Each structure stands twice: as structure tokens, then as C-alpha cells.
Amino acid sequence: NAGVTQTPKFRILKIGQSMTLQCTQDMNHNYMYWYRQDPGMGLKLIYYSVGAGITDKGEVPNGYNVSRSTTEDFPLRLELAAPSQTSVYFCASSYSGTVSGYTFGSGTRLTVV
Amino acid sequence: QQQVKQSPQSLIVQKGGISIINCAYENTAFDYFPWYQQFPGKGPALLIAIRPDVSEKKEGRFTISFNKSAKQFSLHIMDSQPGDSATYFCAASKGGGTGANNLFFGTGTRLTVIP
């Protein structure tokens, strides 16, 4: 049972480049989330999904896009990378949206130069 | 705007000592308060949580103290061990800990336990 898998673990982007952060879960969870974690700050919610085909904005969605075509996958897209998007990104999932049931992935450390 | 304020930013404790991390909130709609433990290179993992109808919850060496009138809650780690060295996040949620856009994190405390 892999849980929540994120790829890549590390990435360096140049300003203006685009990339997709991958997230997949094998627990048949309906809810999936993307958070970013900046130094000295708590996790901030970027986007979330309550099921395949349904996504919604979180607290800090600007500069990102998501899609949810399957229950398992929830990719996060950066279209025009900016230095402000340098952060550690965490994907999480839960069965019913209950906070106590969140499972986090190990994160993707992204640096934009 | 930081919905949950956490202190200290870092903490160094001797092995066997007590580690105390404090959090405060303003929004009285919060009704579920989890604590997460994060080891380097890993995602956060739920450690312990409390609802505001109790003033204390204990699980092993970890205890949450909750003061509803002061809108403050704290994590106490008794008999701290080097293996407890990690970053700890408090958080708060509305709706009894349900709902997808409902979890707000503190800024984290990096705990180092010295052997």
C-alpha cells in the first residue's frame, strides 16, 4: 500500500517555464488536496477536489491549475513559473474530507530561478 | 492573515525534559484542533487532536491542553526523546473537522531534543 505518491521529489525551474507536479493515491480516497509550505509558514491550501471531475480553489490558487480526471490522480500545473512559487508542495488525500483522515505525500521541493 | 498563531518557532530540549508548544486562534467557529508531526523529507502526520468540549487530551507522552475562553491550546511532550525531534504544526478546523477547505495550520515549531 503506497498511500500518496508525489513526483518529482525535487525540481529546479527557470522563470517562465511550466511543469506538472504529479500526485497519485491508491486508497480510493474521494478528497484530494494540494498545499504549499513556505519557510516559517504553515501549510496553505492551493486547490482541492471532492471527487473526479470536481475541483475548487483554496486559499492561494493564483498561478496554479488542477484537474481530476480519475479518483487516483490529482496533478498540479504551474504555467509560468515565478520565484514566488519556490516552495515545498504537499499533496494529501482523505476518504470523506474528515481532517483526522488526511494522508500526506512526502512532498516536492520546487525552486524557481 | 494567519488564522492560527504558533510559538516558539524553534525549541531545544534536553532528553527527558518537557517540550511545550503554544497556539492561539481568534475564530470562535473553530471546533477541531489537530497537531501534526513532520520529520525531514516527509509529509505531516496527525499526532493528536482535541475538540473544545474537553480541556485536556492525553495519548502516551503527548498531551493537548485546551483553554476555550483564552482561545489557546498547547502541546506538551513529556519525557522528550531524541526521536521526537521534528517540526510540529498546530491546526484548526471548522465543522467538527470535516469539509475540504477547512484546515488552517500554524507556522510550525522545530523541536530538537538533545541526548
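Predicted, not measured: the structure shown is a model, and the values here were computed from it. (Residues numbered from 1 in each chain as written. Chains lettered and ligands numbered in written order. Predicted model: local features only at pLDDT ≥ 70, side-chain atom pairs only at ≥ 80, totals over all residues. Heavy atoms only, no water.)

**Student:** Would you mind going over the state of the cysteines in detail, with residue names and values included?
**Tutor:** A covalent bond between the sulfur atoms of two cysteines is what we call a disulfide. Scanning the model with the defined rule gives two disulfides over all chains in all. The disulfide partner of A:Cys23 is A:Cys91, and the S-S distance across this bridge is 1.9 Å. Measuring handedness by torsion sign, the sulfur bridge of A:Cys23 and A:Cys91 sits at about -70° and is left-handed. One end of the pair, A:Cys23, is in strand β3 (residues 19-25); the other, A:Cys91, is in strand β9 (residues 87-94), with 68 residues separating them in the sequence. For the pair A:Cys23 and A:Cys91, one class covers both residues: buried. Here B:Cys23 connects covalently by a disulfide to B:Cys90, the sulfurs 1.9 Å from one another. As the torsion about the S-S bond is roughly -100°, the B:Cys23-B:Cys90 disulfide counts as left-handed. Of this pair, B:Cys23 sits in strand β3 (residues 19-25) while B:Cys90 sits in strand β9 (residues 86-93), and the two are 67 residues apart along the sequence. The buried category is assigned to B:Cys23, whose relative accessible area is 3%. (Disulfide = S-S within 2.5 Å. Helix = DSSP H or I, 4+ residues; strand = E, 2+ residues; numbered from the N terminus. Buried < 20%, exposed > 50% of the residue type's maximum accessible area, 1.4 Å probe, protein only.)

**Student:** Let's hear about the interface of chain A and chain B: which residues, and what values?
**Tutor:** Between chain A and chain B, the residue contacts involve 24 residues of the former and 23 residues of the latter. Summed over both partners, the interface of chain A with chain B comes to about 1700 Å²; 57% of that surface belongs to carbon and sulfur atoms. A per-residue breakdown of the area chain A buries against chain B is headed by A:Leu43, A:Val99 and A:Phe104, which together make up 29% of the total. Here chain A is connected to chain B by zero salt bridges. Scanning the region where chain A abuts chain B turns up three residue pairs in polar contact (both at pLDDT 80 or more). Sorting the residues of the side of chain A that touches chain B by element identifies β4 (31-37) and β5 (43-51) of chain A as the ones contributing at least two each. Counting residues per element, the side of chain A that touches chain B draws most heavily on β5(A), which supplies five residues. Its residues assigned to classes, the side of chain A that touches chain B comprises twelve nonpolar, nine polar and three charged. (Contact = heavy atoms within 4.5 Å. Buried area = accessible area lost by both parts, 1.4 Å probe. Salt bridge = Lys/Arg side-chain N within 4 Å of Asp/Glu carboxyl O. Polar contact = N/O pair within 3.5 Å; in protein donor to acceptor, adjacent residues only side chain to side chain. Nonpolar A, V, L, I, M, F, W, Y, C, P; charged D, E, K, R; others polar.)

**Student:** So what's going on with the pattern of salt bridges? Residues and values would help.
**Tutor:** Residue and element names in this part refer to chain B. As enumerated under the stated definition, the model contains six salt bridges over all chains in all. Across the pair Lys-57 and Glu-59 runs a salt bridge, and its minimum N-O distance is 3.7 Å. Judged by relative accessible area, Lys-57 falls into the partly exposed class, the value being 32%.

**Student:** Account for the sheet that holds strand β8 (residues 72-77) of chain B, with residues named and values stated.
**Tutor:** Residues and elements named next belong to chain B. If you walk across this open sheet you meet the five strands as β1-β3-β8-β7-β6, and the pairing is antiparallel. Whereas interior strands pair on both sides, the edge strands pair on one side only; in this sheet they are β1 (4-7) and β6 (56-59). Between one strand and the next, the sheet's axes are offset by a mean angle of 15°, whatever the strand orientation. Both strand β7 (residues 62-67) and β8 contribute to a ladder of six bridges, which runs antiparallel. Directly across from Ser-65, in β8, lies its bridge partner Ser-74. (Pairing = 2+ DSSP bridges. Axes fitted to C-alpha atoms, helices over the stretch in contact; angles between N-to-C directions.)

**Student:** Hey, could you go over the packing of aromatic side chains for me, with residue numbers and the actual values?
**Tutor:** A ring pair, where both rings are aromatic, is described by two values, the distance of the centres and the angle of the planes. Summed over all chains, the structure comprises 19 aromatic pairs over all chains. Both rings, one in A:Tyr64 and one in A:Tyr89, keep their centres 5.8 Å apart while their planes meet at 65°; by these two values the pair is edge-to-face. Separated by 25 residues along the polypeptide, A:Tyr64 in strand β7 (residues 64-66) and A:Tyr89 in strand β9 bring together distant segments of the chain. Like A:Tyr89, A:Tyr64 is buried. Ring centres of B:Tyr25 and B:Phe73 lie 6.2 Å apart, and the angle between their planes is 55°; this geometry places the pair in the tilted category. (Phe/Tyr/Trp six-rings, centres within 6.5 Å; stacked < 30°, edge-to-face > 60°.)

**Student:** Summarise unusual backbone geometry; cite the residues concerned and give the values.
**Tutor:** Note the cis peptide between A:Thr7 and A:Pro8, where omega equals -5°. On the secondary structure map, A:Pro8 appears in the loop between β1 (4-7) and β2 (10-13). Residue B:Ser7 is joined to B:Pro8 through a cis peptide bond whose omega torsion reads -5°. With phi around 60°, A:Asn28 is a residue other than glycine that occupies positive phi space. Its place among the elements puts A:Asn28 in the loop between β3 and β4.

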